[in-house]
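# Structural overview
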4 protein chains.
Amino acid sequence: MNNTKIKVGIIGANGYAGAELMRLIAAHPFAELRAVSSRAHIGKKVSDVFPALAIDADFTDMDSDEFYKCDIVFTALPQTAGAAKVGALTDKGVRVVDLSADYRFDDVSIYEKTYGVTHPRPDLNKIAVYGLCEINRKKIASAALVANPGCYVTSVLLSMLPLCKARLASDIIADSKSGVSGAGRKSDEAYSFCALDENFKAYGLFTHRHAPEMSEKLGQNVLFTPHLLPIKRGILSTVYFDTADEHAVKETLQTAYANEPFVTYTDTLPEIGFVAHTNRCMFSVRVCNGKGIAISVIDNLLKGAAGQAVQNMNIMFGLDETAGLPVDSPI
Amino acid sequence: MNNTKIKVGIIGANGYAGAELMRLIAAHPFAELRAVSSRAHIGKKVSDVFPALAIDADFTDMDSDEFYKCDIVFTALPQTAGAAKVGALTDKGVRVVDLSADYRFDDVSIYEKTYGVTHPRPDLNKIAVYGLCEINRKKIASAALVANPGCYVTSVLLSMLPLCKARLASDIIADSKSGVSGAGRKSDEAYSFCALDENFKAYGLFTHRHAPEMSEKLGQNVLFTPHLLPIKRGILSTVYFDTADEHAVKETLQTAYANEPFVTYTDTLPEIGFVAHTNRCMFSVRVCNGKGIAISVIDNLLKGAAGQAVQNMNIMFGLDETAGLPVDSPI
Amino acid sequence: MNNTKIKVGIIGANGYAGAELMRLIAAHPFAELRAVSSRAHIGKKVSDVFPALAIDADFTDMDSDEFYKCDIVFTALPQTAGAAKVGALTDKGVRVVDLSADYRFDDVSIYEKTYGVTHPRPDLNKIAVYGLCEINRKKIASAALVANPGCYVTSVLLSMLPLCKARLASDIIADSKSGVSGAGRKSDEAYSFCALDENFKAYGLFTHRHAPEMSEKLGQNVLFTPHLLPIKRGILSTVYFDTADEHAVKETLQTAYANEPFVTYTDTLPEIGFVAHTNRCMFSVRVCNGKGIAISVIDNLLKGAAGQAVQNMNIMFGLDETAGLPVDSPI
Amino acid sequence: MNNTKIKVGIIGANGYAGAELMRLIAAHPFAELRAVSSRAHIGKKVSDVFPALAIDADFTDMDSDEFYKCDIVFTALPQTAGAAKVGALTDKGVRVVDLSADYRFDDVSIYEKTYGVTHPRPDLNKIAVYGLCEINRKKIASAALVANPGCYVTSVLLSMLPLCKARLASDIIADSKSGVSGAGRKSDEAYSFCALDENFKAYGLFTHRHAPEMSEKLGQNVLFTPHLLPIKRGILSTVYFDTADEHAVKETLQTAYANEPFVTYTDTLPEIGFVAHTNRCMFSVRVCNGKGIAISVIDNLLKGAAGQAVQNMNIMFGLDETAGLPVDSPI
């Protein structure tokens, strides 16, 4: 690594994932922030909009030339809103990690049905690599475009993908619980403090958009129910599945994650508080009478979004995969 | 008390204070809900808009005739928005408890300066009684119009008013902390869960509208600083004052509240959790080297709003003052 | 109802359920508190131990004669600790609602295996009535001893029992999430604010004591996983089941709860905030491709403990079943 | 900076400040963890005791030789418990940052009166440097022993010390509000989730131990009232003072903190959420009619404890003062 830092741009830096990306890149030892865009805040200083960030930069427009001078651009825009921009950047050789769902699906028709849209650049879908780092590390290293996985999806795939590949799990039900930041920045009474504090609810029964993403990646249909926790950050997924071979389940998972810095398969039942503010996934599996239960936790904004995006960048540029990413959780 | 229940109307029932009023009246042994209005929800069932309320009633328009058939109407509208309506009701002999600031001030010019408006019915201000129950009980009993005090103001006056009347306190600084419901129902990112959870802030330094109300009632200028607590309900006010006579302070307060069901002067330092979900005010006073500190707690939506409004109604109609009002706080 | 109020005793009034019972009985229109016991606080005033309660009573010993003069005694002691006391009271004709698990099981051997104890009074088990009010109302009315159901169990049975009786549900998985008060009053770092705030975890996988209780009452094995929410009160249970007949499911539930004041079967997905601080259970059921999901909410300390206990008392003494029990939830 | 990292020991690593120190040092670019002690956990792996920390180290006894091989040792023990150990280390040339109050006072008699103890090493008090980094930077650089300031004290001194030195503030009242972690790790019902969630209280009126520390450093008596916020981390202090010259106040503060990386004097009213999880202090001052109000926020475990301790280490070893210390706050 010479002294030249990787030049980074962030498009859609106003959202929670975008703000976390700014924070991570600002503190990254081998990368530097060169351009950040937010339609709502063009021309304003980042630290004026977000007093919590001491970052010395101004918000620009997403069409600024600066993004084309970057080595990598993170795009964190709503579904389809950034798809064309992603294409424009990759067409000019700028590598992209896209945090939307636009390029996550192998089967474009499932994407189009799930999101109710026509995909603007189905050609790019073919070159996009699904950015679940521990699974696709090799392809990510050389990818022009990485589709960063959904937060709920990451919390389910890391434990279940090795089991499904080994045909050790069927009839999967994922009962997931997420902190409120997963819904994004909101000016909506339904997300007001008084509506959510001391409250808890399920939503999106049978209809949440992350179910088709999980199902495609696992190669089998998943019954997925998300819930909203009165906390800011974190996801815990309780995954039920049928399995015939407890020993094979445990061996498969031990092998899969023996040397991973960010994924810990453990006997200790994990809690959201063990991974909040880190890029880590911890999970545990118990099996009894043919029924398995996986308990898996991540920070939805880090391993579930901005952290995994930076981990993808680290892989793409041959850096230490852990650079700039926290692994120890504060109290 | 014969079997005829008091007929109650609530105008502006959509806000937090209004919803609490519906809940209190629905469970009140001697009152019944006859009409509720909300501009946003005309024609809808209360239980459809608020699934937390099992109340069988429909929202109507505030101009409905039903309100004129009530024995008492609670008006819970924003400042000045309801002032004319209050006049129309009292003109026709319907007694009113108004939860806005419109009729709280003796001096209309202070009201107009504080709220930046012209008072629509200054004539009514003269007949309005300031509804701090424990202080103005006699006047309230026969009042045509009661101005329900501000939440912060109630938390400060109950401890300080007897001391100020006895000239036992000067140089008053009120440092108050309120739960989020004090700000009302909001669709605003600044009041979103993610903006307020695990957070705490001061606001309105030297400029909050409750300072002139406190100052007028105490007969001296109060330096008042409000803060926003990450809880739904409750106010704790820490009031600093200069005093020369600790013994007189304690005797004055013991005498003032010896037999009050809802005000408890105690040696135990009170916590918000001791009074949340009740109509009670608890406070304690410590004096050392000429400096006094009063710690006072209320539930901002009950003793600070809807509860005190019902207490006023109980007084106005000769009922047991505690009817329908909780005094024991749940864990 | 003449003017004589029902004389009530509470043994084990120091715990959260016991304290809620004191609060409910103190405000009950047709009952009065005659004796309360707590080993830790004998001789102390209730309001000194719990400043949140303005109740004028002293804690006594559980062996006090006063309990034998009561019409009904609520026993809220740890498993087996109160079993003999319950016997002593019922032997002398005092009716009892027991909040422990001691008398909940039809099959004493399941109880003994689940709790790892020998049942001290298996004879009484035969006369004990399982106090799920909406299901066992008739038997409760004349019962000498009512076993109040477990909190998690109540949240699952109310939706699932009618379906299981009609053979409309199989392969049941109950994924439940409870507020912290469900664990009882604790001096334990694991239940400290810093350990639980902004946190969430599963516990008791395959081993929680409420699973055998659910399974016995439903007549089939239930896979039950409890979780700990960072809120004080409330349970939400997400119950997955296989079902072949969506229409029959909905009709069965509509019929079962058409006229219940405290159980609401609704299309609206219920939230804990809709029922907190009330005795209500709200639930909704969705069916898709042979899979059913029931979302059910209760307040664990009310419908899940003290509230249902008072509802049982109301039934036992021929009172209005809703007397003294809140149904509308505050914001 | 050559490749040799600073060798760090932590004594009393079990507490919240100690655990934060482990986390900061584990991620520090120029320091490495060589020894950690905790009486309660001798011989256990750090990651077994704290699953949230992926740190590969074992807890040892505080008397281990390893501490004498360190370049610097952080001592985070209760008052007086570590005073002799600090002496043993400094006697052998190991530099120490002590997080207790033992060496904070210039006047040992005030310390002894405040803490009700006899100081075990009053001689060391003379060489100890008070570790408020921005004020004592030069002395800290060469100190053998640094006394890390109290959390509340730091939140008040950073704004008020420049004003007091310039004789611009008198009659100071500090009304401070702290997150629960400030009380340390507790197995005590008073610090249980159910006791503190949705609650708020004042404590220690006229008697808190941080008042004499503030008063000594400011050179005048401070009336200090702490309160307990239902959040994990952070302090907000509202400081009232008399002042005659608004212009001088603002100029003094601008000059004092013009180039500080961790102290921001700003017009924006700061919130705890702006600095949580960072080593930053933000404060704002408003003056009106001779009364000043400073609003100041820090993270009590970072700038108020472990973060400032690492900042002191950075100064003592000639490192970039910001190394390993976060300045941007996550959402």
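Residues numbered from 1 in each chain as written. Chains lettered and ligands numbered in written order. Predicted model: local features only at pLDDT ≥ 70, side-chain atom pairs only at ≥ 80, totals over all residues. Heavy atoms only, no water.

Further remarks concern the relation of the copies chain B and chain A. Laying chain B over chain A is done by rotating through 180° and shifting 0.0 Å along the axis; what remains is an RMSD of 0.0 Å. Viewed as a symmetry operation, the transformation between the two copies matches a two-fold axis. Interface residue correspondence from chain B to chain A reaches 100%, placing this contact among same-surface, isologous pairings. (Least-squares fit on C-alpha atoms with pLDDT ≥ 70 in both. Contact = heavy atoms within 4.5 Å.)

Here we take up the sheet that holds strand β12 (residues 263-265) of chain D. All names here are of chain D. Within the open sheet, the 7 strands sit side by side as β9-β10-β8-β11-β14-β13-β12. Their pairing is mixed. Where the open sheet ends on each side, the last strands, each with one partner, are β9 (201-202) and β12. In this structure, strand β11 (residues 235-242) lies alongside strand β14 (residues 291-298), joined through 8 bridges in antiparallel fashion. Bridged to Tyr-240 within β14 is Ile-293. Here helix α9 (residues 210-218) sits on the sheet in contact with β8 (170-178) and β10 (222-228), set at roughly 140° to β10. Sheet strands touched by helix α10 (residues 246-256): β12 and β13 (281-288). Its angle to β13, the strand with the most contacts, is close to 165°. (Pairing = 2+ DSSP bridges. Helix = DSSP H or I, 4+ residues; strand = E, 2+ residues; numbered from the N terminus. Axes fitted to C-alpha atoms, helices over the stretch in contact; angles between N-to-C directions.)

Here we come to the packing of helix α7 (residues 151-165) of chain C against helix α10 (residues 246-256) of chain C. All names here are of chain C. Between α7 and α10, the shortest axis-to-axis distance is 9 Å and the interhelical angle comes to 120°. The chirality of how α7 crosses α10 is right-handed. The residues of α10 that touch α7, namely those facing Ser-159, Pro-162 and Leu-163, are Val-249, Thr-252, Leu-253 and Ala-256. The class makeup of the residues in the contact of α7 with α10 is 5 nonpolar, 2 polar and no charged. (Left-handed = near helix turned anticlockwise from the far one by under 90°. Nonpolar A, V, L, I, M, F, W, Y, C, P; charged D, E, K, R; others polar.)

Listed by partner, the interface residues are 33 residues for chain C and 33 residues for chain A. Regarding the contact of chain C and chain A, the summed buried area is about 3100 Å², with carbon and sulfur atoms giving 70% of it. Its largest share of buried area at the contact with chain A, chain C owes to Glu-198, Phe-200 and Phe-206 of chain C, together 20% of the area lost on that side. The tally of links from chain C across to chain A stands at 4 salt bridges. For Glu-271 of chain A, the salt bridge is made with Lys-201 of chain C, and the minimal N-O distance between the two is 3.6 Å. The interface formed by chain C and chain A holds 20 residue pairs in polar contact (both at pLDDT 80 or more) in total. (Buried area = accessible area lost by both parts, 1.4 Å probe. Salt bridge = Lys/Arg side-chain N within 4 Å of Asp/Glu carboxyl O. Polar contact = N/O pair within 3.5 Å; in protein donor to acceptor, adjacent residues only side chain to side chain.)

Attention shifts here to empty space enclosed by the protein. Counted according to the given criterion, the structure contains 7 cavities of 30 Å³ or more. If you trace the largest cavity, you find 18 residues lining it, with Glu-198 of chain A, His-277 of chain B, Lys-232 and His-277 of chain C together with Glu-198 of chain D closest to the centre. Across the lining of the largest cavity, the residue classes break down as 6 nonpolar, 6 polar and 6 charged. Of the volumes computed, that of the second largest cavity is approximately 100 Å³. Along the lines of polarity and charge, the residues of the lining of the second largest cavity split into 6 nonpolar, no polar and 8 charged. (1 Å grid on protein atoms, 1.4 Å probe; cavity = no way out; pocket = protein on both sides within 12 Å on 5 of 7 lines; lining within 4 Å. Points joined across faces, edges and corners; volume = space filled by probe spheres on them.)

A word on unusual backbone geometry. As a rule of thumb, non-glycine residues mostly have phi less than zero, and peptide bonds are mostly trans rather than cis. Although it is not a glycine, Thr-80 of chain A adopts a positive phi angle of roughly 70°. Among the structural elements, Thr-80 of chain A can be located in the loop between β4 (72-75) and α3 (83-91). When its relative accessible area of 28% is taken as the criterion, Thr-80 of chain A is described as partly exposed. Residues other than glycine seldom take positive phi values, yet His-277 of chain C does so here, at roughly 70°. Structurally, the position occupied by His-277 of chain C is in the loop between β12 (263-265) and β13 (281-288). (Buried < 20%, exposed > 50% of the residue type's maximum accessible area, 1.4 Å probe, protein only.)

As a further point, take helix α9 (residues 210-218) of chain C. All names here are of chain C. Taking burial as the measure, the 9 residues of α9 include 8 buried ones, the bulk of the element. The set of residues buried in α9 consists of His-210, Ala-211, Glu-213, Met-214, Ser-215, Glu-216, Lys-217 and Leu-218. If you follow the buried residues of α9, they end up packed against α4 (108-115), β6 (129-130), α7, β8 (170-178) and β10 (222-228).

We now examine the pattern of salt bridges. All names here are of chain C. Per the counting criterion, the structure on display carries 88 salt bridges over all chains. A salt bridge links Arg-233 to Glu-20; the nearest nitrogen and oxygen atoms lie 2.7 Å apart. On the criterion of sequence distance, the pair formed by Arg-233 in the loop between β10 and β11 (235-242) and Glu-20 in helix α1 (residues 16-26) is long-range, its members being 213 residues apart. For Asp-123, the salt bridge identified is with Arg-121, shortest N-O distance 3.0 Å.

Attention shifts here to the relation of the copies chain C and chain A. When chain C is fitted to chain A, the residual RMSD is 0.0 Å, and the transformation amounts to a turn of 180° plus an axial shift of 0.0 Å. Of all interface residues in chain C, 100% are interface residues in chain A too; the two copies therefore contact each other through one and the same surface.

What follows deals with the sheet that holds strand β9 (residues 201-202) of chain B. Residue and element names in this part refer to chain B. In spatial order, the strands read β9-β10-β8-β11-β14-β13-β12; together these 7 strands make up an open sheet with mixed pairing. At either margin of the open sheet sits one strand with a lone partner, and together these are β9 and β12 (263-265). Relative to strand β10 (residues 222-228), β9 runs antiparallel, the two sharing 2 bridges. Looking at β10, one finds that Ala-202 is bridged to His-227. Where helix α9 (residues 210-218) meets the sheet, it contacts β8 (170-178) and β10, and its direction lies at approximately 140° from that of β10.

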